[in-house]
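This is what each chain is made of:
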Amino acid sequence: MRRRKFIFGSAAAALFPFAVRAQRADSVRRVDLLIAEPIENDPYYEGRVTAIREGLRNLGWIEGQNLRLNIHRTSAKAADIRKHVEELLGGKPDVVVTSGGTTTAPLLQATNTVPIVFTAAVDPMGAGFVESLSQPGGNVTGFMLFDYSLSGKWLEILKQVAPGVRRAGIIRDATTTSGVGQFAVIQSVAGSLGIDVVPISARDAGEIEKGIGKLARLQNGGLIATISAAVNGYRDTIIKLAAQHRLPAVYGHRIWVDDGGLISYGPDALATARLAAGYVDRILKGEKPADLPVQAPTRYELVVNLKTAKTLGLTVPPPLLASADAVIE
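Residues numbered from 1 in each chain as written. Predicted model: local features only at pLDDT ≥ 70, side-chain atom pairs only at ≥ 80, totals over all residues. Heavy atoms only, no water.

**Q** Help me out: how do you make sense of helix 5 (residues 149-161) in this one?
**A** Since the α-helix turns once every 3.6 residues, residues separated by three or four places project in the same direction. Helix length check: helix 5, at 13 residues, gives a terminal C-alpha distance of 19 Å against a target of 18 Å (1.5 Å per residue), a fit within 8%. Here helix 5 has its buried residues at Leu 150, Ser 151, Gly 152, Trp 154, Leu 155, Ile 157, Leu 158, Lys 159 and Val 161. (Helix = DSSP H or I, 4+ residues; strand = E, 2+ residues; numbered from the N terminus. Expected span 1.5 Å × (residues − 1). Buried < 20%, exposed > 50% of the residue type's maximum accessible area, 1.4 Å probe, protein only.)

Following this line, the structure appears as structure tokens:
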């Protein structure tokens, strides 16, 4: 009898560690990030990854303990994105976090069950991602990058910082609904500001160089770089050409100003990424994307590079400078 008890006890002791490991494995949740990164190791995107990781950690999701975080970095090419979509879905993630429409659309074509949280969609209803902002209705929800009205503000800022501007080149991706929408809003306010707007294609570097060069040959020109993955992929080129042709330019994110651009007005992408971590947390705890409303930014930040302004011979108006969230000197 004692021997049988000993054998049973030994067997239980031997099996116990495996049971514990199995229990721990079952409690680990998998979250995948799918990011279309036009520029390798781009701080614009890498900062979002860090913000999401930190946001999840602050909510109790610790990598190596109860969380497995998989990051898929891809180019903006459709074939590359489809490859990563197939790969990540094969791993059966609990939640997938996407950057914007470029990655969200292919993922939704591949699954209508895996929960998805987008962090930077421009027009989720127009793109068909959700039924409504308040009740998404499907397996996807998230955060809008900005409201279209922001686009008109860029032209107003350009006129404030460079009152002599009469023509503005608008660098945009005409193949997306957001690219078309942003240009339409800018065009709608241009007349009241006395500015003619000219579209510049972001299809490739050659098109951008050609468009900016043509604008520079005219007098009183300025630039606006709209928000899109395609435009951001040529960030260094656009900033360099604006400096070369001495054109005042307004951008949609502060990374452009950090890199030498004149002025930016746009959403705080890092704050939005931290909010996205909150939605991931809620989904992992049982809530459904269909019941989590799509949220728009509540504030935008204005950033000014005074060094660039001086190089261009511009004096930033004191009221505009006083309203800046950050100033680079």
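Here the narrative resumes, following the displayed structure.
**Q** Would you take a moment to explain the packing of helix 2 (residues 43-58) against helix 11 (residues 269-284) for this structure?
**A** Any two packed helices are characterised by how steeply their axes cross, that is the angle between the axes, and by the distance between the axes. As a packed pair, helix 2 and helix 11 sit with axes 8 Å apart at the nearest point and diverge in direction by 40°. By the criterion of interaxial angle, the relationship of helix 2 to helix 11 is oblique. Considering the relative orientation of helix 2 and helix 11, their crossing is right-handed. On the side of helix 2, the interface is formed by Gly 47, Arg 48, Ala 51, Ile 52, Gly 55 and Leu 56, while helix 11 contributes Ala 269, Leu 270, Ala 273, Arg 274, Ala 277 and Val 280. Its residues assigned to classes, the contact of helix 2 with helix 11 shows 8 nonpolar, 2 polar and 2 charged. (Axes fitted to C-alpha atoms, helices over the stretch in contact; angles between N-to-C directions. Parallel < 35°, antiparallel > 145°, perpendicular 65-115°, else oblique. Left-handed = near helix turned anticlockwise from the far one by under 90°. Contact = heavy atoms within 4.5 Å. Nonpolar A, V, L, I, M, F, W, Y, C, P; charged D, E, K, R; others polar.)

**Q** Would you take a moment to explain the sheet that holds strand 7 (residues 196-201) for this structure?
**A** For sheets, the rule is that strands pair by backbone hydrogen bonds, running either parallel or antiparallel. With mixed pairing, the 7 strands of this open sheet are ordered in space as 7-6-8-9-10-11-12. Lying at the two open borders of the sheet, with one neighbouring strand each, are strand 7 and strand 12 (326-328). Taking each pair of neighbouring strands and ignoring which way they run, the sheet shows an average axis angle of 20°. With 5 bridges joining them, strand 10 (residues 263-267) and strand 11 (residues 300-305) adopt antiparallel strand pairing. Note on strand 11: the bridge partner recorded for Pro 267 is Tyr 300. Along the sheet face, helix 5 touches strand 6 (167-172), strand 7, strand 8 (221-225), strand 9 (249-251), strand 10 and strand 11 and points at about 160° away from the line of strand 10. Contacting strand 6, strand 8 and strand 9, helix 9 (residues 235-244) runs over the sheet at an angle of about 160° to strand 9. (Pairing = 2+ DSSP bridges.)

**Q** Would you explain the environment of Thr 74 in this entry?
**A** Here Thr 74 is to be found in strand 2 (residues 67-74). C-alpha of Thr 74 to C-alpha of Glu 37: the two residues are 37 residues apart in sequence and 5.9 Å apart in space. Among residues more than four places away in sequence, those in contact with Thr 74 are Leu 34, Ile 35, Ala 36, Glu 37, Asp 80, Ile 81 and His 84.

**Q** What is the right way to look at the side chain of Thr 104 in this model?
**A** Among the secondary structure elements, Thr 104 is positioned in helix 4 (residues 101-110). Beyond its immediate sequence surroundings of up to four residues, Thr 104 is in contact with Thr 98, Phe 118, Phe 129 and Val 140.

**Q** Could you clarify how one ought to interpret the nonpolar core in this entry?
**A** Side chains of nonpolar character tend, in soluble globular proteins, to be buried together. The biggest cluster of nonpolar side chains holds 74 residues, and the ones touching the most others in it are Leu 155, Val 197 and Leu 223. Here the element with the most residues in this core is helix 11; it accounts for 7 residues. Not counting residues within four places of it along the chain, the set of residues in contact with Val 197 comprises Leu 155, Ala 168, Ile 170, Phe 183, Ile 186, Gln 187 and Ala 190. Counting 15 residues, the second-largest nonpolar core is a separate cluster that includes Ile 81, Val 85, Phe 118 and Ala 121. (Core = buried A, V, L, I, M, F, W, Y, C linked by side-chain atoms within 4.5 Å.)

**Q** Can you help me understand unusual backbone geometry in this one?
**A** Peptide bonds are mostly trans, and most non-glycine residues show a negative phi. Even without a glycine there, the phi angle at Asn 220 is positive, about 60°. Within the secondary structure, Asn 220 sits in the loop between helix 7 (205-216) and strand 8. For Arg 246, which is not a glycine, the phi torsion comes out positive at approximately 55°. By the element assignment, Arg 246 lies in the loop between helix 9 and strand 9.

**Q** Sorry if this is basic, but what is going on with the packing of helix 5 against helix 6 (residues 177-193) here?
**A** Across the interface, helix 5 lies against helix 6 with an axial gap of 7 Å and an inter-helix angle of 40°. Taken as axis vectors, helix 5 and helix 6 run oblique relative to one another. Handedness of the crossing formed by helix 5 with helix 6: right-handed. Where helix 5 abuts helix 6, its residues Ser 149, Ser 151, Gly 152, Trp 154, Leu 155, Glu 156 and Lys 159 lie against Gln 182, Val 185, Ile 186, Val 189, Ala 190 and Leu 193. Per-class residue counts for the contact of helix 5 with helix 6 are 7 nonpolar, 4 polar and 2 charged.

**Q** Any chance you could explain the environment of Asp 123 here in plain terms?
**A** Mapped onto the secondary structure, Asp 123 falls in the loop between strand 4 (116-121) and strand 5 (140-144). Residue classification places Asp 123 among the partly exposed residues on the basis of a relative accessible area of 23%. Taking the C-alpha atoms as reference, Asp 123 lies 8.7 Å from Phe 146; in sequence the two are 23 residues apart.

**Q** Help me understand the pattern of salt bridges, please; the structure alone is not making it clear to me.
**A** If the charged atoms of two oppositely charged side chains come close together, the side chains can form a pair. Using the criterion set out here, one finds 11 salt bridges in the structure. Taking the shortest distance from any N to any O, the salt bridge between Asp 94 and Arg 29 comes out at 3.5 Å. A residue pair is termed long-range when its members are at least 10 positions apart, and Asp 94 in the loop between helix 3 (78-90) and strand 3 (95-98) and Arg 29 in strand 1 (residues 29-36) qualify at 65 residues. Its salt-bridge partner being Arg 30, residue Asp 32 comes within 2.8 Å of it at the nearest N-O pair. Accessibility expressed as a relative area gives 14% for Arg 30, which makes it buried. (Salt bridge = Lys/Arg side-chain N within 4 Å of Asp/Glu carboxyl O.)

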